[in-house]
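Remarks on the overall topology
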Amino acid sequence: MTMCTQWRQTNRTPIGERGAALIVSLILLLIMTIIGISALNSARLEVSMAGMMQREEVALRKAERALIVAEEYVEATPGPFDDLGTGHYLPEDNVDVSVTDWSAIERRVKSEEIPDLSADDAFIVEYQGEVTLPGSALNDGGDTIPGDKVNVYRITTRSETEGKAVRIIESIYSKLYNPMAP
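Structure report, in brief. Predicted, not measured: the structure shown is a model, and the values here were computed from it. (Residues numbered from 1 in each chain as written. Predicted model: local features only at pLDDT ≥ 70, side-chain atom pairs only at ≥ 80, totals over all residues. Heavy atoms only, no water.)

Turning next to the packing of aromatic side chains. Overall, the coordinates contain two aromatic pairs when judged by the stated rule. Here Tyr73 and Phe123 contribute two aromatic rings whose centre-to-centre distance is 5.4 Å and whose plane-to-plane angle is 65 degrees, an arrangement assigned as edge-to-face. Residue Tyr73 is found in helix α2 (residues 20–76), and its partner Phe123 is found in strand β3 (residues 121–132); the two are separated by 50 residues along the sequence. Taking the relative accessible area as the measure of exposure, Tyr73 reaches 23% and is therefore partly exposed. Ring geometry for Tyr127 against Tyr153: centres 5.3 Å apart, planes inclined by 55 degrees, an arrangement best described as tilted. Residue Tyr127 is found in strand β3, and its partner Tyr153 is found in strand β4 (residues 149–160); the two are separated by 26 residues along the sequence. A relative accessible area of 0% places Tyr153 in the buried class. (Phe/Tyr/Trp six-rings, centres within 6.5 Å; stacked < 30°, edge-to-face > 60°. Helix = DSSP H or I, 4+ residues; strand = E, 2+ residues; numbered from the N terminus. Buried < 20%, exposed > 50% of the residue type's maximum accessible area, 1.4 Å probe, protein only.)

Here you go:
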């Protein structure tokens, strides 16, 4: 009989420990699941932010390229804007270039008019007037001599990516006044 008594004592569970291990393991599993879901959401947000930063960088580079194209366009345009063609404005026209929908701006230069622009790029050029360079008559070795006249333009470019990242860049551009230009 002593064998039976020992067997019964070894298989018995204490009354205070019934299911405690199961509850502790379920609580730990719940905590680990919450941490995992939180890490997954954080990683998803970081990937989304990195993608948007990349789209913004692409839009900035495209706007800078459009600015180079616009400066070449202005340099190739002889003299000041005598005729207000596509993309040409005078300061009193009060063009609002900060709007997000440039389709409302009638006189913008688009990719159909200049093949070097991509489809989502455009620019406008505002003629600011003729300015006489200040200074003495001594040439400091530059391209212009103080007292020369330059035409000043404000160039605004806009670029957009498929992810709706938009960049607008403005630049002041001047070119030497040439009264003999056609």
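What follows concerns the pairing of strand β5 (residues 166–176). Sheet topology places β4 next to β5; 11 bridges connect them, and they run antiparallel. Each bridged residue has a counterpart across the sheet, and for Val150 the counterpart in β5 is Leu176. A loop of five residues connects β4 with β5, the two strands running antiparallel in sequence, and Lys164 in this loop sits at a positive phi of about 65 degrees. (Pairing = 2+ DSSP bridges.)

Without other data, these values stay purely geometric and don't point to any function.
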